[in-house]
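# Results of the structural survey
In case you want the letters, here they are:
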Amino acid sequence: QVQLVESGGGLVQPGGSLRLSCAASGTISSITTMGWYRQAPGKERELVASITRTGSTNYADSVKGRFTISRDNAKNTVYLQMNSLKPEDTAVYYCNAVLYMGGFNFLDAWGQGTLVTVSS
């Protein structure tokens, strides 16, 4: 089993920066890709960024050039550096891990979410 705990959310002004962290614990050897999703008020949850164990990244078009995902495998932690924040970035941000369970079986683990509010 894997548990994910996010931290770093809060209130920030437009143009500001925040750094989110997600620490994994449990059966961490099963973790493959990790990522960040967000869910804004009245919207569906969407992928923000993902990163593989070897460091390959993928970003939503809306955050390219502003957000950077990184991963420290030794610390079992994934980060999301968010710069040039916009009001439309306001959302609950969730950490995600794709777990390989053997065979063709994969599971998703989710953190509890951390609220990011971008407002002046």
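Read on for a plain summary of the structure. Fair warning: this is a prediction, and the values are worked out from it, not measured in the lab. (Residues numbered from 1 in each chain as written. Predicted model: local features only at pLDDT ≥ 70, side-chain atom pairs only at ≥ 80, totals over all residues. Heavy atoms only, no water.)

## A closer look at the overall build of the chain
In plain terms, the rule: The way it works is that DSSP assigns letters per residue, a run of H or I at least four long becomes a helix, a run of E at least two long becomes a strand, and they are numbered from the N terminus. Taken over C-alpha atoms, the radius of gyration is set against a globule rule of 2.2 Å times the number of residues to the power 0.38. Only protein chains enter the accessibility calculation, which uses a 1.4 Å probe; a residue whose area is less than 20% of its type maximum is buried, one above 50% is exposed, and one in between is partly exposed. Contacts are residue-level and defined by heavy atoms, with any inter-residue pair within 4.5 Å sufficient. Accessible surface area values rest on a Shrake-Rupley calculation with a 1.4 Å probe, where residue burial reflects the displayed protein chains alone. We count Lys and Arg on the positive side and Asp and Glu on the negative side, and we leave His and both chain ends out. The atoms used to mark charge sites are NZ of Lys, CZ of Arg, CG of Asp and CD of Glu.
When helices and strands are counted, the chain shows 0 helices and 11 strands. Starting at the N terminus and walking to the C terminus, you meet the elements of the chain as β-β-β-β-β-β-β-β-β-β-β. Over its C-alpha atoms the chain spans a radius of gyration of 14 Å, differing by no more than 12% from the 14 Å that the globule rule assigns to 120 residues. Within the chain, the fraction of its 120 residues that count as buried is 40%. Across the chain, the fraction of contacts at a sequence separation of at least 24, relative to all contacts at a separation of at least 6, is 53%. Surface exposure of the chain reaches about 6400 Å², of which carbon and sulfur atoms provide 51%. Charge separation in the chain, taken as the distance between the mean sites of 10 positive and 8 negative side-chain charges, equals 5 Å.

## Looking at the environment of V78
Relative to the elements of secondary structure, V78 occurs in strand 8 (residues 77-82). Given a relative accessible area of 0%, V78 falls into the buried group. Between the C-alpha atom of V78 and that of E6, which follows or precedes it by 72 residues, the distance is 9.3 Å. When neighbours within four sequence positions are excluded, V78 is seen to be in contact with L20, S21, C22, M34, W36, I51, I69, S70, R71 and C95.

## Focus on the nonpolar core
Quick note on the threshold: Grouping buried Ala, Val, Leu, Ile, Met, Phe, Trp, Tyr and Cys residues that are joined through side-chain atoms within 4.5 Å yields what is termed a nonpolar core.
Residues L4, W36, L80, M82 and Y93 are the most contacted members of the largest nonpolar core, which totals 30 residues. Within the residue set of this core, elements represented by two or more residues are strand 1 (2-7), strand 3 (18-26), strand 4 (31-39), strand 5 (46-51), strand 7 (67-72), strand 8, strand 9 (91-102) and strand 11 (114-118). If you tally residues by element for this core, the top one is strand 9, at 5 residues. With near-sequence residues (within four places) excluded, L4 lies in contact with C22, A23, A24, M34, C95, N96, A97, A109, W110, G111 and Q112.

## Some thoughts on the state of the cysteines
Heads up, the condition is: Any pair of cysteine sulfurs within 2.5 Å is marked as a disulfide.
Enumeration according to the criterion identifies 1 disulfide in this entry. Each sulfur of the disulfide joining C22 and C95 lies 2.0 Å from the other. On the sign convention where negative is left-handed, the bridge of C22 and C95, at about -85° about the S-S bond, is left-handed. Here C22 is found in strand 3, whereas its partner C95 is found in strand 9, with 73 residues between them in sequence.

## Quick look at the pairing of strand 8
Moving residue by residue along a regular strand, the side chains alternate between the two faces of the sheet. The criterion, for reference: Strand pairing is defined by DSSP finding a minimum of two bridges between the two strands.
In terms of burial, strand 8 is largely enclosed, as 5 of its 6 residues are buried. Both strand 3 and strand 8 contribute to a ladder of 6 bridges, which runs antiparallel. Paired with C22 across the strands is V78, a residue of strand 8. The pairing of strand 7 with strand 8 spans 6 bridges and is classified as antiparallel. The partner of S70 across the bridge, within strand 8, is Y79. Between strand 7 and strand 8, which pair antiparallel and follow one another directly, the connecting turn spans 4 residues, one of which, N76, has a positive phi of 55°.

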